[in-house]
Protein chains: 2
Amino acid sequence: MARPTLDRESPVPLYQQLADVLRRDIEEGRLPAGVAFPSERKLMARYQVTRTTVRSAIGVLKQEGMVVAEHGAGSFVRDPKADRHRVDATRVGMVRPAPPRQESKDVALTRSFRLSAILESAERRMKTTPWISELLQVEGGTEVLVQEATGLDSQGAPSLCRAWLHPRVEKEMGLSEEDLDGYWLPDMLAIKGVPAAEGEDVVEAAMPTPNIKRVLSVPDGVPVLQLYRVMKQDDLVVAVIETHLPADQTTLVFPRIPLHI
Amino acid sequence: MARPTLDRESPVPLYQQLADVLRRDIEEGRLPAGVAFPSERKLMARYQVTRTTVRSAIGVLKQEGMVVAEHGAGSFVRDPKADRHRVDATRVGMVRPAPPRQESKDVALTRSFRLSAILESAERRMKTTPWISELLQVEGGTEVLVQEATGLDSQGAPSLCRAWLHPRVEKEMGLSEEDLDGYWLPDMLAIKGVPAAEGEDVVEAAMPTPNIKRVLSVPDGVPVLQLYRVMKQDDLVVAVIETHLPADQTTLVFPRIPLHI
DNA sequence: GAGTGGTCTAGACCACCTT
DNA sequence: AGGTGGTCTAGACCACTCG
């Protein structure tokens, strides 16, 4: 097998060249998804480089989300379209996520959702971050009522949701933390006659913070989709529903909105 | 200054401990955005570890999108909310991106959009990828008419757009590659009486492929938002408009859609 | 027990930026 | 010129998985 060889004179670093070779192997099907990758020692021997260089190359592919490594077992090519949920954006955050399923083995291709964290946070009052403050239209660092839920959402996709209630609404409605026991905030708002049908949906993506990464068990090289649902009534913000979804498992679907052509 | 020290007995690896220390320094404002980070040699001396370990720790923060390194100059804390564009999702992909601006210096905090690639691809006919095939509802590998445009979109955000035309429409309308000269496909469809007001919008996020990373000049640790706008008429797919947006600069805003409560 | 990936050391040389 | 990050070597020991 005439393996491509690396060019030590090239200005392109060795680990990049090796990453390019391996990426092509994956893209062109010579290294199919799910099967074992050549081990680091094998790659060292085949391409005559140090283990450091091999690991850098694999690191590039890990960052691209193409490869996952499993300690002691090997590295594996990830199938980017496997295990995806089509998530209806109109429902995200509106229904309390289901309790987590039983912890199960983590296989490269069939990553199931593991939960090591709380289903619902005990913490019910938090200071707003700058970004939430902006959306909620309150001053930064205001203490507001927060509800948090983690698990599989109504559509089977893992998610972490936080519902931030505007202090004005809390006060006007005389809502207390106890009132929310057993209720998910959007439900409660509907019950109390605050449908909050106005507003907008804001979508961002970022690499997960260590906390989010742990709670949603997001592997390396996988970003998180963040949907912020701003609920308004009479042009005043009532609440913000923040949802984090692991991007390797989530396809967010919005119904057609009127387009500007 | 009583620096926290690393625990060599801990099961938590040194580079992780160091990353945690540095992350906290950033989060709590001791290392403000934009200013120089301690150099790798300084961190080696301060924490009594090898440069490899220091680089691993900084690598963690780079992957999280908290830090950017500039060769020869130093590493810098990134401000996650700086330089963001609020992008109206109803307009994305519907208007041809503007020509690229002059190439300019790349500063950590004010990354401006650089274009090394084509403004509009010469390639006008491509095979569909599996994912595009699914959205376009054609068989995988079908050759279809594709238009590609890169630059700043109508709202000032950098983006890469591809418009994929369904072969049925191409045939029925007798559209040729020349017809598209000077026109952006969605405009052309509107002109030809195919408003394609139906359909749906699909949002995903992923780490950029090397090509996208280069074209949009996305730094390490930054994912890409992908918006696929499926244009339909009478329940048949007319075209798919694919848009890639660097997630560190883009906040995608959807108007309120009817919610399921 | 053999093989795998994860961590860490102690160096070296280079390319790049700032002054 | 001096400092910075980028690449690479040649080892070592460890924790984990699998047959």
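What this report covers is the structure whose coordinates are included nearby. (Residues numbered from 1 in each chain as written. Chains lettered and ligands numbered in written order. Predicted model: local features only at pLDDT ≥ 70, side-chain atom pairs only at ≥ 80, totals over all residues. Heavy atoms only, no water.)

Further remarks concern helix H3 (residues 51-63) of chain A. Because an α-helix completes one turn every 3.6 residues, residues spaced three or four positions apart along the sequence face the same direction. Residue and element names in this part refer to chain A. Along its 13 residues, H3 runs 18 Å from first to last C-alpha, staying within 8% of the 18 Å computed at 1.5 Å per residue. Buried within H3 are the following residues: Thr 53, Val 54, Ala 57, Ile 58, Val 60 and Leu 61. Taken end-on, H3 shows its buried residues confined to a sector of 145°, consistent with a single buried face. In the core, the buried residues of H3 are packed alongside helix H1 (14-27), helix H2 (40-47) and strand E1 (67-70). Backbone geometry just after H3 places Gly 65 at a positive phi near 75°. (Helix = DSSP H or I, 4+ residues; strand = E, 2+ residues; numbered from the N terminus. Expected span 1.5 Å × (residues − 1). Buried < 20%, exposed > 50% of the residue type's maximum accessible area, 1.4 Å probe, protein only. Arc of directions from axis to C-beta. Contact = heavy atoms within 4.5 Å.)

Let us now look at the relation of the copies chain B and chain A. Placing chain B over chain A gives an RMSD of 0.1 Å and needs a rotation angle of 180°, together with 0.0 Å of translation along the axis. Here the two chains are linked by the operation of a two-fold rotation axis. A share of 100% of interface residues in chain B that are also interface residues in chain A marks the association as one of identical surfaces. (Least-squares fit on C-alpha atoms with pLDDT ≥ 70 in both.)

Let's shift gears to the packing of aromatic side chains. Across all of its chains, the model carries 3 aromatic pairs over all chains by this definition. Ring geometry for Phe 254 of chain A versus Phe 254 of chain B: centroids 3.7 Å apart, planes at 0°, classification stacked. Placement of the pair is Phe 254 of chain A in strand E10 (residues 250-255) and Phe 254 of chain B in strand E10 (residues 250-255), with the two residues belonging to separate chains. For Lys 81 of chain A, the ring lying beneath its charged end belongs to Trp 131 of chain B, and the centroid distance is 3.9 Å. (Phe/Tyr/Trp six-rings, centres within 6.5 Å; stacked < 30°, edge-to-face > 60°. Lys NZ or Arg CZ within 6 Å of the ring centre and 35° of its normal.)

Neighbouring residues of DNA strand C: 24 residues in total, closest Arg 41 of chain A together with Arg 8, Leu 14, Tyr 15 and Thr 50 of chain B. If you look at DNA strand C and keep only atoms within 4 Å of the protein, 61% of those are sugar or phosphate atoms. In the model, a phosphate oxygen of DNA strand C is placed 3.5 Å from a nitrogen or oxygen of the Lys 42 of chain A side chain. Here a base nitrogen of DNA strand C and a side-chain polar atom of His 71 of chain B are 2.8 Å apart. Those elements that place two or more of their residues in the surface near DNA strand C are H2, H3, E1 and strand E2 (74-77) of chain A together with helix H1 (14-27) and helix H3 (51-63) of chain B. Considering only residue class, the surface near DNA strand C consists of 5 nonpolar, 10 polar and 9 charged. (Near = heavy atom within 4 Å. Polar contact = N/O pair within 3.5 Å; in protein donor to acceptor, adjacent residues only side chain to side chain. Nonpolar A, V, L, I, M, F, W, Y, C, P; charged D, E, K, R; others polar.)

Turning to the protein's contact with DNA strand D, a few remarks are in order. Not every one of the 25 residues close to DNA strand D is listed here, only the nearest: Arg 8, Leu 14, Thr 50 and Thr 53 of chain A together with Arg 41 of chain B. Near the protein, within 4 Å, the atoms of DNA strand D are sugar or phosphate in 61% of cases. A distance of 2.4 Å separates a phosphate oxygen of DNA strand D from a polar atom in the side chain of Thr 50 of chain A. Mapped onto the surface near DNA strand D, the elements with two or more residues apiece are H1 and H3 of chain A together with helix H2 (40-47), H3, strand E1 (67-70) and strand E2 (74-77) of chain B. A class-by-class count of the residues in the surface near DNA strand D yields 6 nonpolar, 10 polar and 9 charged.

You can see His 244 of chain B is positioned in strand E9 (residues 236-246). There is a polar contact of 2.8 Å between the side chain of His 244 of chain B and the side chain of Glu 242 of chain B.

Moving on, we come to the sheet that holds E10 of chain B. Pairing is mixed across the open sheet formed by 8 strands, whose spatial order is E4(A)-E5(A)-E6(A)-E9(A)-E8(A)-E7(A)-E10(B)-E3(B). The open sheet is flanked by strand E4 (125-127) of chain A together with strand E3 (85-88) of chain B, the only strands paired with a single partner. Neighbouring strand axes in the sheet, compared pairwise and without regard to direction, differ in orientation by 30° on average. Where strand E6 (residues 158-165) of chain A lies against strand E9 (residues 236-246) of chain A, 6 bridges are found, and the strand directions are antiparallel. (Pairing = 2+ DSSP bridges. Axes fitted to C-alpha atoms, helices over the stretch in contact; angles between N-to-C directions.)

Geometry only, nothing functional implied.
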